[in-house]
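Below, each chain spelled out in residue letters.
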Amino acid sequence: MRVTVDGVSVELTQEATLLAAVRAAGAEVPALCHDERLTPAGSCRTCLVGVGGHYLAACVTPATDGAEILVEQDDLRRLRRDAVELIVSALPAYALQGDGELARTCRELGITSGNNQHGAGRGHDHSHPFVRLDRDLCIACGRCVRMCAEVQGTFALTLTGRGAETVVAPGTGGLWAESDCVACGGCVDTCPTGALTEPGLPAGTQLAALTRTRTTCGYCGVGCALDVLTRDGAVTAVRPARDGPVNRGHACVKGRFAHGFLRSPERLTEPLLRRGSELRPASWDEAFDHIARAIQDAIAESGPDSVAAISSARATNEENYLIQKFMRVVVGTNNVDNCSRLCHSPSAAGLTAAFGLAGGTDSLEHVEQADCLLVVGANPVEAHPVVGARLLQRVLRGVRLIVADPRAVGLAGLADVHLRPRPGTNVALFNGLARVLLTEGLIDEEFLRLRATGLPELTEVLGGYAPERVAMITGVPAADLIAAARLYGQAERPAIVYGLGVTEHLHGTDGVRTLANLAILRGAVGTTRGYGVNPLRGQNNVQGASDMGALPDLLPGYGKVRDPVARGRAEHVWGASLPHHEGLRIPQMFAAARSGDLRVLWIIGEDVATTDPDANEVISALDACPLVISQELFLSETARNADVVLPAASWLEKDGTFVNFDRRFQRVRPALVPPGQARTDFAIVQALAAACGTDLGCPTPAEALAECGQVAPAYAGISHERLDREGAIPWPCTDPCRPGVSRLYQARFATADGKAHLAATPYLPPGESADDDYPLILITGRRWAHYNSGNMTRRSGILELEGEARLDVHPADAARLALRDGAPVVVESRHGQAALLVRLTEEVTRGQVFCAFHFPSSRVNALTSGHADAVTACPEYKVTAVRLRRQESP
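What counts as what
Residues numbered from 1 in each chain as written. Predicted model: local features only at pLDDT ≥ 70, side-chain atom pairs only at ≥ 80, totals over all residues. Heavy atoms only, no water. Helix = DSSP H or I, 4+ residues; strand = E, 2+ residues; numbered from the N terminus. Rg over C-alpha atoms; globule rule 2.2 N^0.38 Å. Buried < 20%, exposed > 50% of the residue type's maximum accessible area, 1.4 Å probe, protein only. Areas by Shrake-Rupley, 256 points an atom, 1.4 Å probe, with all protein chains shown as cover. Lys, Arg positive; Asp, Glu negative; His and termini not counted. Charge placed at Lys NZ, Arg CZ, Asp CG, Glu CD. 1 Å grid on protein atoms, 1.4 Å probe; cavity = no way out; pocket = protein on both sides within 12 Å on 5 of 7 lines; lining within 4 Å. Points joined across faces, edges and corners; volume = space filled by probe spheres on them. Pairing = 2+ DSSP bridges. Axes fitted to C-alpha atoms, helices over the stretch in contact; angles between N-to-C directions. Contact = heavy atoms within 4.5 Å.

Draft legend 1. Geometry of the overall build of the chain. Across its full length, the chain carries 29 helices and 36 strands. Here the C-alpha atoms of the chain give a radius of gyration of 28 Å, agreeing with the 29 Å that 2.2 N^0.38 yields for 890 residues. Across its three principal axes, the chain shows a C-alpha extent of roughly 90 × 70 × 65 Å. Looking at the chain as a whole, 62% of its 890 residues qualify as buried. Here the chain displays about 31,600 Å² of accessible surface, and carbon together with sulfur accounts for 50% of that area. The positive charge centre, built from 86 side chains, and the negative charge centre, built from 101, are 2 Å apart in the chain.

Structure representation (structure tokens):
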């Protein structure tokens, strides 16, 4: 439709408001209760415009075709000024300081101060480490309440009081720190007055005086765009970018507030070299010389395969690319791996086998268009909060939801059907769902005939997975299984989202394959009839680390090291002959160290002594290896067991790119310089190569990514320069003049025959099961406030929100063992023991317990086993048989 604004003609969509029309015309009116991300409220009346002789609130009034909207008439300007002046009259004078929305509006309207006659003296709430409330500045606009409900989905806030005394408050009553707030910071961002602020940006802060750097978050795999505000070499605040390609102005507690680790006195600032039993300061030259001589001696005496490196999902793409190039060109081995081995290596293997490429099939924006979500083995509300919030909003708007998870957490409370399979029974569950789809005709026969293979073989296997048998294996009632299959099967546009609850199993790759079967049977991948199969990657660049070839069997772009064509392309670009055989995976590296076959182990940005399974065996491997190098921010448990410790830069001090969970490349830019003598991983690898007598080329990260595009055609169209212009580009992107592909397989699948491959895979039991000695099954995962080993989050004020390692125990199990809430408990497995505090909850079922691994002192991964996926060696973190013992008071 077309309207005019003070005579200026503008074209609008049918659902546009008068406020949208005003802004489209380049005009502006105050709108203190309005945030374009939220439902309009129209409560402040500061956005009045004229239409047809009437004064209307522009934010809530729909525009109509042909409307003539008046903005700049004297009476309208006076009315708007009066509305703002009335609001300001109840506020203290300092409300007009700084460059917040209200203060700017007042300056534009010539309003110089409040009269401080009403509303003053209502007090503050500074109980929360990251959100501060000044009640005297609250104008009851409700934006914070709507932000918490409509974007974050926590519903933690409300307006309380009457009339002029109305003010925002936690919905639970009491202090903010004791509320349901998850510290996403959305309320702070939307507050127009400074009533809600954060410690680094108190009300009145002049933002123009701060340096702003756009980068990508270095925590989980969502890939949130952040604006880092700095002053005098320190971070003042981090804000989610309103135009962020993935997060759209939203963030979580980690990306938003967990930057205090940068200022920690525990940051490593100089190299450390073991002299006798102690790690002592050394120069970079000493450290590089020591490492280079050890590598060269190992190669000379035991061959290049006596050296191995564990690259990092926390490092940039360019750093991972350089690390794997170093190992293959300088050392001459394929012994390089990254932590995707421990989380989503079954995704890469399973998705490649099913569809042809090692990434999710669709973007988050496409998944949001689904009319039915199947969320499996994932708790995105806690582990991927921005994605979790967006999926939650879709469910609240009517999208059907199936959750398959042993625990009742996150989205499960809103599910139409919540399937709670016994840990380790995923394949039986997925086969049972597939059986119902097949027997009830909820399949796409044309798609299966033209674009898929393997249906006869799958049909034969599914004959053994009647709902009643699946119920016996999984514990999921047959009726629930059938209901879930019908919901997914009858949906017009279903999507599957899954997490580590699918992959971290003895048969994790089988789990991914059988889950993918569901999308293939429905024709819901590579078509307009669904949005495929999408893994939620755990770390900021776990996708990118694998994309860059930091894998023992794959080169950049997933070319196989045994493939002469892929290997030849890399050899041509690098000017070196490469090894033909596959290298060691991470568990094999530790085994080789314990057997004496590995002489140098270089660990970059990973605290393997905390995060890897069967931690006692990991530490034995570190002790046995003649030279262990740890490249880290802090003296982690791994670094304490190393022989050389190299101080590294954090993600806020680096230049490069990350790849997020849905395959998007995004820029990473340094907001700070590293402290002391710390260096970026990129600079460290370059210098170590030089110490070994080799020039790796690629003097800058931009040049490294450009070279990677020569080795891996899937990234040839992506460059730093293009990302600086466009913001985010998904791979594959083979041409700098063409967009990347966000929805895969629309023409054909990337398999050899161009078809999707169904997997006829039977259920096999997990590596461990409960018995009389170890009667409980332990599941491990993440808590909402922390990240992995906690090395960054535990040093960032988050301990005030989540300060202890807790074990979730069902009340019935606790009663049997006479355990009370908060009691210390010793958890014992067949492999080790850990010390935790009991948390009584019905989020876990009887016979199961849950804990995270964010606190190294608890030694949770001393419990987990060496059982691993037969295809990829991904550990079985999700199934460990344990028993509990009350910890006696000293």
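Okay, back to it.
Draft legend 2. Representation of empty space enclosed by the protein within the structure. Summed over the entire model, instances satisfying the criterion amount to 11 cavities of 30 Å³ or more. Estimated volume of the largest cavity: approximately 670 Å³. Around the largest cavity, the lining comprises 40 residues; the ones closest to its centre are Leu500, Glu504, Thr780, Gly781 and Lys878. When residues of the lining of the largest cavity are traced back to their parent elements, those giving at least two are helix H11 (380-383), helix H18 (500-503) and strand E31 (776-781).

Draft legend 3. Seen up close, the sheet that holds strand E36 (residues 880-886). The sheet built from 6 strands closes into a barrel, its strands ordered E31-E35-E32-E34-E33-E36 with mixed pairing. Each strand axis lies, on average, 45° off the axis of its neighbour in the sheet, ignoring direction.

Draft legend 4. Structural detail: unusual backbone geometry. Going from Trp731 to Pro732, the amide bond is cis rather than trans, its omega being 0°. Residue position: Pro732 is located in the loop between strand E29 (728-730) and strand E30 (756-757). Unlike most non-glycine residues, Arg859 shows phi in positive territory, near 60°. Mapped onto the fold, Arg859 is located in the loop between strand E35 (848-852) and E36. Since its relative accessible area comes to 32%, Arg859 is described here as partly exposed. Despite not being glycine, Ala873 has its phi angle at roughly 70°, a positive value. Along the chain, Ala873 falls in the loop between E35 and E36.

Draft legend 5. Structural detail: the sheet that holds strand E15 (residues 278-281). Strands sit in the order E15-E14-E26-E25-E24-E16-E17 across an open sheet of 7 strands; the sheet is mixed. Single-partner strands in this sheet number two, and they are E15 and strand E17 (336-337). Bridge count between strand E14 (residues 272-275) and E15: 4 bridges; the pairing is antiparallel. The partner of Arg274 across the bridge, within E15, is Leu279. Against the sheet, helix H22 (residues 586-595) contacts strand E16 (307-310), E17 and strand E24 (600-604), and its axis sits at roughly 140° relative to E16.

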